[in-house]
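Structural overview
Here is how the chains run, residue by residue.
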Amino acid sequence: MVPEAQSLIAELDTALSNASDSRHSTILRRVTDLFLGNSERFSGNHVALFDDVIVRLIEKTEHSALIELSNRLAPVGNAPENVVVRLSHDHDIAVSGPVLEKSNVLTDQILADIAKTKGQQHLAAIAGRARIGETVTDILVERGNSEVACKVTGNQGARFSEPGFVNLVKRAKKDSALAAAVDFIELPVNVIVRLSHDDDIAISGPILEKSDVLTNETLAEVAKAKGQKHLAAIAGRAQIGESVTDILADRGNSEVACKMVGNEGAQAGCAGRLER
């Protein structure tokens with residue numbers, strides 16, 4: 001901070017030391033007006049000065065003034081960083097909500113820290129952001145309630161990692177509202193492949209039986225490694241390649257064999273074994 005700014009801050013601290021909360025709020029509003037009226041023209045140093053001033057003001061100001069400040073700064077691209085971060089951590093969602101949902105000043109790291117420690121209202125606010133990185137999305141899916149999970153699922157600006165998608169689908173099996181939301185998103189192929197290997201047949205079964213994106217190679221891997229329920233799911237596919245059919249015939253129990261015999265879409269070069 002330049003000497004002139006340091007002197008100004010010192011004078012402000014002295015002037016505010018005995019001021020009432022309402023006086024703080026009045027000054028805060030005027031300083032905010034000054035910043036917003038010229039924010040696009042301010043340099044980084046100017047913004048940093050406003051940051052120092054406003055941070056001092058909000059330490060002793062009326063609660064309603066904090067709510068107002070959050071709403072006014074939330075859409076501003078170069079809003080004072082420390083002020084926005086301070087507001088985003090406030091326990092009252094009326095204060096933190098606007099910046100959590102709209103401020104581009106907040107980094108993924110800050111959002112992730114908040115998502116890990118705050119309650120569902122804060123998570124819901126983050127889930128409504130125009131853009132959400134994978135790290136933050138994964139935390140929302142992991143910690144969020146049904147409302148939060150549905151909100152982030154329906155957010156086209158939310159990016160999901162592969163583990164995040166997998167977790168989402170698994171949660172949807174136990175949450176009808178979330179299942180409905182998941183139905184409207186297109187899962188990446190790598191996620192579908194990963195889910196097809198899941199030990200829980202409630203997760204992998206429908207994919208093994210119906211998904212068109214699974215290759216014969218993937219189906220063969222599952223058929224070689226998994227149990228009879230997985231094999232039975234594969235045996236119910238509309239089309240099954242010969243290499244996969246051979247594995248099912250070699251490894252499958254009588255239920256799988258019967259299912260294969262009755263499947264007209266199974267390409268079998270091993271009919272004799274299937275009729276054992």
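So, here is what we can say about the structure in this document. (Residues numbered from 1 in each chain as written. Predicted model: local features only at pLDDT ≥ 70, side-chain atom pairs only at ≥ 80, totals over all residues. Heavy atoms only, no water.)

Turning to the packing of helix α4 (residues 63–73) against helix α6 (residues 93–102), a few remarks are in order. Axis separation between α4 and α6 bottoms out at 8 Å; the angle between their running directions is 10°. As the angle between them shows, α4 and α6 are arranged roughly parallel. From α4, H63, L66, I67, S70 and N71 reach across to α6, where they touch A94, V95, P98 and V99. Class assignment for the residues of the contact of α4 with α6 results in six nonpolar, three polar and no charged. (Axes fitted to C-alpha atoms, helices over the stretch in contact; angles between N-to-C directions. Helix = DSSP H or I, 4+ residues; strand = E, 2+ residues; numbered from the N terminus. Parallel < 35°, antiparallel > 145°, perpendicular 65-115°, else oblique. Contact = heavy atoms within 4.5 Å. Nonpolar A, V, L, I, M, F, W, Y, C, P; charged D, E, K, R; others polar.)

Our focus in this paragraph is the side chain of S161. With respect to the secondary-structure elements, S161 resides in the loop between α10 (146–153) and α11 (162–172). Discounting chain neighbours no more than four positions away, the residues touching S161 are E134 and D138.

Looking now at the packing of aromatic side chains. Here the structure, examined in full by the defined rule, presents four aromatic pairs. When the centroid spacing of 5.0 Å and the interplanar angle of 40° are considered together, the rings of F42 and F50 count as tilted. (Phe/Tyr/Trp six-rings, centres within 6.5 Å; stacked < 30°, edge-to-face > 60°.)

Proximity of charged atoms lets side chains of opposite charge pair with each other. What the rule picks out here adds up to nine salt bridges. D199 serves as the salt-bridge partner of K226, at 2.4 Å between the closest nitrogen and oxygen. On the criterion of sequence distance, the pair formed by K226 in the loop between α15 (216–225) and α16 (228–235) and D199 in the loop between α13 (189–196) and α14 (201–210) is long-range, its members being 27 residues apart. Given the relative accessible area of 17%, K226 is considered buried. By relative accessible area, D199 is classed as exposed at 60%. (Salt bridge = Lys/Arg side-chain N within 4 Å of Asp/Glu carboxyl O. Buried < 20%, exposed > 50% of the residue type's maximum accessible area, 1.4 Å probe, protein only.)

Note on soluble globular proteins: their nonpolar side chains tend to be buried together. Grouped together as the largest cluster of nonpolar side chains are 75 residues, with contacts concentrated most on L69, L87, I126, L140, V152, I234 and L248. If one sorts the elements of this core by residue count, helix α3 (residues 44–58) sits on top with six residues. Apart from the residues lying within four places of it in its own chain, the contact partners of L69 are L28, T32, I54, I58, V83 and L87. (Core = buried A, V, L, I, M, F, W, Y, C linked by side-chain atoms within 4.5 Å.)

Relative to the elements of secondary structure, I110 occurs in helix α7 (residues 108–117). For I110, a relative accessible area of 16% puts it in the buried group. Each C-alpha atom, one on I110 and one on V136, is 9.4 Å from the other, the two residues being 26 residues apart in sequence. Sequence-distant contacts of I110, that is, excluding residues within four places in its chain, are made with V85, S88 and H89.

This part covers helix α9 (residues 134–143). Burial in α9 covers these residues: V136, T137, I139, L140 and V141. Residues of α9 that are buried sit in contact with α7, α8 (120–127), α10 and α11.

Buried within helix α18 (residues 254–261) we find V256, A257 and M260. The buried residues of α18 occupy an angular sector of 100° when projected down its axis, which confines them to one face. Opposite its buried face, α18 presents the exposed residues S254, E255 and C258, each directed more than 90 degrees away. Its side-chain oxygen at 3.2 Å from the backbone nitrogen of E255, N253 defines the N-terminal cap of α18. (Arc of directions from axis to C-beta. Polar contact = N/O pair within 3.5 Å; in protein donor to acceptor, adjacent residues only side chain to side chain.)

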